[in-house]
Amino acid sequence: MATHETDALREAVIAIAHEAAARILAVYDSDFAVQQKDDKSPLTAADLAAHRCIVEALERLTPDVPVLSEESAEDVPGLVRREWRRLWLVDPLDGTREFVKRNGEFSVNIALIEDGEAVLGVIQAPVTGLVWHARRGAGAFRREGDTDIALKPRRPAAPPLRVAASRSHRDARTEDFIRRMGEVAEVNLGSSLKFCRLAEGDLDAYPRFGPTCEWDTGAGQCILEAAGGMVVDPKGRPLRYNQRDTLLNGDFLALGDPGLPWKEWVGA
């Protein structure tokens, strides 16, 4: 795909993310109800409104590229899905728990996957209106108004290391990992905004032990890697997408500075 075509695709996806954010904020400013999915995770009208907005818009934009969204993934058989070489991976409202808490730490995540790798990523923060975007090999940026600001992680990262801790997900393995890091400053932050903060140098590490889904990480991985960081499993392998029966990720570590001694921290 030519550069002007990929630029046009990126701009179209950013516009879709903005429209989804508007749908989310319309619910955020109301007295909304909270349901529970089968896995006990929360679901609101904002999740569903953003899902419909994004899926319908992407289907118009690229009719030949299937869309895998958190809110419709169960409708797609694994055997069918794994035949898709190219697909959109969408979390219409990442951080629903944070949305329910009304702390603003939620996002819209849209990634384009090709042969298992995230090659285009867009994350939009509805409350602030900021957008982070990247194309593989073309850098990562934060858009403020009409201005794109190039992202650069903190390298070399020096103590105290700024480590992201999820507000809603924390376990003993995470505590052990952070302890092995030495001198740290913990930052509590929800949703995939952690990847954005890593890419722009405000954070140094984000360890995640425990289940996440592929739509939680696709856009963020694209943005962080395009900025020069990495997202790997405990054996150092980058996360890949739509390669298995399950859509659950394994444990992973996101770093702004790949030169940090992460193997010591995971005990590898």
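Conventions and cut-offs
- Numbers given to residues run from 1 along each chain, matching the order in which its sequence is written.
- Only residues with pLDDT of at least 70 are given local features in this predicted model, and only at 80 or more are side-chain atom pairs given and counted; all residues enter the totals for whole chains, interfaces and linings.
- Side-chain numbers here rest on the full set of heavy atoms in the structure, without hydrogens or water.
- Only DSSP runs of H or I with at least four residues qualify as helices, and only runs of E with at least two residues qualify as strands; both kinds are numbered from the N terminus onward.
- Counted as a polar contact is a pair of N or O atoms within 3.5 Å, where, for protein atoms, one must be capable of donating a hydrogen and the other of accepting one, and residues adjacent in sequence contribute only when both atoms are in side chains.
- Residues count as neighbours in contact if any of their non-hydrogen atoms are within 4.5 Å of one another.
- Patch members must show over 30% relative accessible area and no salt bridge, and they are joined within 9 Å when carrying like charges or within 5 Å when they are nonpolar side chains of Val, Leu, Ile, Met, Phe, Trp or Tyr.
- Exposure was quantified through the Shrake-Rupley algorithm and a 1.4 Å probe, taking into account, for residues, occlusion by the shown protein chains and nothing else.
- We count a salt bridge whenever a side-chain nitrogen from Lys or Arg sits within 4 Å of a carboxyl oxygen from Asp or Glu.
- Only four residue types enter the charge count: Lys and Arg as positive, Asp and Glu as negative, with His and the chain ends excluded.
- For the purpose of locating charges, the reference atoms are NZ of Lys, CZ of Arg, CG of Asp and CD of Glu.

Participant: Hey, could you go over the environment of Thr6 for me, with residue numbers and the actual values?
Facilitator: Checked against the element boundaries, Thr6 lands in helix 1 (residues 3–28). Counting along the chain gives 252 residues from Thr6 to Pro258, while the straight-line C-alpha distance between them is 28 Å. Within polar-contact distance, the side chain of Thr6 engages the side chain of Arg135 at 3.4 Å.

Participant: Describe the environment of Arg237, and please don't skip the residues or the numbers.
Facilitator: Within the secondary structure, Arg237 sits in the loop between strand 14 (230–232) and strand 15 (248–249). Spatially, the C-alpha atom of Arg237 lies 9.2 Å from that of Phe252, the residues being 15 residues apart in sequence. Those residues in contact with Arg237, other than ones at most four positions away along the chain, are Val231 and Val232. In terms of polar contacts, Arg237 uses its side chain to reach the side chain of Asp233, at 2.7 Å.

Participant: Lay out a negative patch on the surface in plain terms, naming residues and giving numbers.
Facilitator: A grouping of Asp38, Asp39, Glu74 and Asp75 is seen on the molecular surface, where their side chains present a negatively charged patch. With respect to the secondary-structure elements, Asp75 resides in the loop between strand 3 (67–69) and helix 3 (78–81).

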